[in-house]
Structure formats: C-alpha cells, structure tokens
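# Descriptive structure summary
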Amino acid sequence: MTRRKLAAGNWKMNGVGASLSEVQDLAARHPNPLCDLLICPPATLLSRMAAVAGPIAMGGQDCHAAVSGAHTGDISAAMLCDGGASYVIVGHSERRTDHGETDAVIRAKAQAAQAAGLVAVICLGETEAQRRSGQALVVVGAQLAGSVPDGATSANTVIAYEPVWAIGTGLVPSEAEITEVHAHLRAELSARFGAIAADGMRLLYGGSVKPGNAATIFALSGVDGVLAGGASLKADDFSAIIAALEASA
Ligand code: 13P
C-alpha cells in the first residue's frame, strides 16, 4: 500500500501572532502539496492560524484524557477540535520527561483524541543511554505496545519515532538505525493489528531533521514523513523539507 506522506511541524513553546506570517508564506508556497502538511502551534494560535493555513492542517501538542473538568492549565481534545485542529501530538518525549507522562497516560490521551475525532500523533523513542546499551528496539516496542490504543487505525493514528538524543541536538541516527527501528515498529503494528490494518499507519521520523539531511532520511524504507521541531518554525526551512518529502513520494 502507498501511504500518503506527512510533513508535520511541532512548534513546541514557540510562536506568537507575528509568527503566523511564516504559515501564510508556507501556505502560499505549497498551494497543492503532494503530501499532507501539518503544523502544531501553541494552542493560543490555533484559531488565528486557521485564517492563513490554507492546505496546512493544524494540530495540538498535547491533550488531557478527560473530556472536561477541573484540570487547571490543561486542554481537552474537544477544545482543540473547536480551535480548528484535526491532529494532536501525544507522548512527546518532552511531555514524558517534563510531566512524567507514562505509556498508560499517553494511551488514555490518544484514546481521548481519537474519540474526539482527532488523529493522534503518538511519539516514542529511546534515550541515548538506552541506545548505547542496545535497548533501543526493546524500548520503542514497549512504548508502542503501551501507548497505542486498541482502537488505533490508519485513519486516527500516526506514529512518530523520535530518539530523545536526536531532538534539538543536531545528531541523527544512522540510516541503518532509522530503517531498523521503523521496520521493527511496522512489524509490531502488524503483529498487533494485522498486516492489512497496520499497513496504512504512517510512521514518521523526528529529531534534527533539516533541509540538508531531509532527502537522505526520506529515501529510507519505511519512513512516511517527518515530525520537525526547530526547522518547522521558519517557512524557508520547512518548505525545503516539504519539497524533499514531495520528491520522495
Ligand atoms: P527538532 O527537529 O528541533 O530536533 O525537534 C524534533 C521534535 O521534537 C519534533 O517533535
């Protein structure tokens, strides 16, 4: 099966109203993209971004597992939908580290996202110590098993492999390492959901993807797109990454 590629940007805790000019610029450069485009800005920008996003889908960066209630500072999946989001990132390593999110918490968030009609972009990845000790496949396999809900389908779930040590560091795994992890994740998904159901689920790579290395990463077997951080903040950089993904499709 041919999976439609996805170029996703995670703005993290960056961006104010003025930053939307980057989105407007990007939308103007890619009016008819050959791959799906997604930007996950801070939630404060969602409804304003809708006015300039054009073909670019919008997503949240996290959601609470509950529909509503006494959870100060949190945001629900339904609120993200209301702001115009169609995706939400869950289980980013910065959430796992800064907020102690476990696989069970992330699974509940993904379930809430899917129930609200959002696509859950479920992130996982090993630390440097885990990679050094030869545990990378075991770790990502356990994260996949623990954080992906039973109701996951190719329509409501995207998986993003983001090695913790590659995020914001300029370090990128070798081509063989990325291919190995993606093949492992695909095999685990097939074993759990059946080869046909799992076949459509997109597996992104994230971690220090830049215009200069994007084409090499996108040429790798099993890589269905990217979750970019820093390089998604500037239209010039993200546009070059999108062009590389389109060329690989
Ligand atoms: P960088 O692209 O800045 O390394 O961040 C990757 C990331 O964490 C995306 O979610």
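Here the residue index of a chain counts from 1 through its sequence in written order. It should be noted that, the model being predicted, local features are given only for residues of pLDDT at least 70 and side-chain atom pairs only at 80 or more, the latter also being counted only at that level, while totals for whole chains, interfaces and linings use all residues. Neither water nor hydrogens contribute to the side-chain values; these are computed over all heavy atoms in the structure.

### So, the site of the ligand
Around the ligand lies a shell of 13 residues, among which Lys12, His92, Gly168, Ser208 and Gly229 are the nearest. Whenever two N or O atoms come within 3.5 Å, that pair is a polar contact, provided that in protein one can donate a hydrogen and the other can accept it, and provided that, for residues adjacent in sequence, both atoms are side-chain atoms. Contacts to the ligand include Gly229, whose backbone N or O atom sits 2.8 Å from an oxygen atom. Only the protein chains shown count as cover for residues, and all accessible areas are computed by the Shrake-Rupley method using a 1.4 Å probe. Look at the ligand: alone it shows 310 Å² of surface, and the protein chains cover 96% of it. When its residues are assigned to classes, the shell around the ligand shows 4 nonpolar, 7 polar and 2 charged. The cutoff for a nearby residue is simple: one of its non-hydrogen atoms must lie within 4 Å of the molecule or strand. Residues were grouped as follows: Ala, Val, Leu, Ile, Met, Phe, Trp, Tyr, Cys and Pro as nonpolar; Asp, Glu, Lys and Arg as charged; and all remaining residues, including Gly, as polar.

### Some thoughts on helix α7 (residues 136–147)
Every helix listed is a DSSP run of H or I at least four residues long, and every strand listed is a run of E at least two residues long, numbered separately from the N terminus. Every helix has an expected span of 1.5 Å times one less than the residues it contains. An ideal rise of 1.5 Å per residue puts 16 Å on 12 residues; α7 measures up with 16 Å between its terminal C-alpha atoms. Residue burial is assigned from relative accessible area. The probe radius is 1.4 Å, only protein chains are included, and a residue is buried under 20% of its type maximum, exposed over 50%, and partly exposed in between. Those residues of α7 that fall on the buried side of the exposure criterion are Ala136, Val139, Val140, Gly141, Gln143, Leu144, Gly146 and Ser147. On its buried face, α7 sits against α4 (93–98), α5 (103–115), β5 (119–124), α6 (128–132), β6 (157–161) and α8 (175–193). The criterion used for residue contact is that any of the two residues' heavy atoms lie within 4.5 Å.

### Things to note about the pattern of salt bridges
Salt bridge criterion: a side-chain nitrogen from Lys or Arg within 4 Å of a carboxyl oxygen from Asp or Glu. In total, this model carries 19 salt bridges according to the counting rule given. Linking Lys109 and Glu101 is a salt bridge whose minimum nitrogen-to-oxygen distance equals 2.7 Å. Glu101 shares its class with Lys109; the two are buried. Between Asp150 and Arg107 there is a salt bridge whose closest N-O contact spans 3.8 Å. Of this pair, Asp150 sits in the loop between α7 and β6 while Arg107 sits in helix α5, placing them 43 residues apart in sequence. Among the residues examined, Arg107 registers a relative accessible area of 23% and is labelled partly exposed. Taken together, the shared-partner salt bridges connect Arg3, Arg186, Asp199 and Asp224 into one network.

### Details of the packing of helix α1 (residues 20–29) against helix α11 (residues 235–248)
Packing of α1 against α11 brings their axes to within 9 Å, and their N-to-C directions diverge by 30 degrees. In this structure, α1 meets α11 at a crossing whose hand is right-handed. In this structure, α1 uses Glu22, Asp25, Leu26 and Arg29 to contact α11, whose residues at the interface are Ala235, Asp236, Phe238, Ser239 and Ile242. When its residues are assigned to classes, the contact of α1 with α11 shows 4 nonpolar, 1 polar and 4 charged. Inter-axis angles, ranging from 0 to 180 degrees, are taken between N-to-C directions of lines fitted to C-alpha atoms, where helices are fitted over the stretch in contact. In this scheme the crossing of two helices becomes right-handed for a clockwise turn of the near helix relative to the far one and left-handed for an anticlockwise turn of less than a right angle.

### Details of the layout of surface pockets
Quantified by volume, the largest pocket comes out at close to 410 Å³. In terms of lining, the largest pocket is formed by 17 residues, of which the most central are Lys12, Met13, Gln61, Asp62 and Arg95. A per-element tally of the lining of the largest pocket places α4 first, with 3 residues. Here the lining of the largest pocket is built from residues that sort into 6 nonpolar, 6 polar and 5 charged. In this analysis, the protein atoms alone were mapped onto a 1 Å grid. Cavities are point sets where a 1.4 Å probe fits without being able to get out; pockets are open sets with protein on both sides within 12 Å along at least five of seven lines; lining residues have an atom within 4 Å of a point. Grid points are joined across faces, edges and corners, and a volume is the space filled by probe spheres set on the points.

### Structural notes on the packing of α5 against α7
As a packed pair, α5 and α7 sit with axes 7 Å apart at the nearest point and diverge in direction by 45 degrees. By the angle between their axes, α5 is oblique relative to α7. Contacts between α5 and α7 involve Asp103, Ala104, Ile106, Arg107 and Ala110 from the first element and Ala142, Gln143, Ala145, Gly146 and Ser147 from the second. Of the residues belonging to the contact of α5 with α7, the class tally is 5 nonpolar, 3 polar and 2 charged. Note on angle classes: values under 35 degrees are labelled roughly parallel, values over 145 roughly antiparallel, values of 65 to 115 roughly perpendicular, and the remainder oblique.

### Some words on α5
Its 13 residues place the ends of α5 18 Å apart at the C-alpha level, agreeing with the 18 Å of an ideal helix rising 1.5 Å per residue. Looking only at α5, the buried set comprises Ile106, Lys109, Ala110, Ala112, Ala113 and Gln114. Buried residues along α5 sit in contact with α3 (77–82), β4 (87–90), α4, β5, α7 and β6.

### Re the confidence of the model for the protein chain
For residues with low pLDDT, the predicted coordinates do not support detailed interpretation. Summarising the model, the protein chain shows a mean pLDDT of 97, and 100% of its residues fall at 70 or more. Mean pLDDT in the protein chain bottoms out at helix α9 (residues 195–199), which sits at 91, and peaks at β4, which reaches 99. The score called pLDDT rates the predictor's confidence residue by residue, from a low of 0 to a high of 100.

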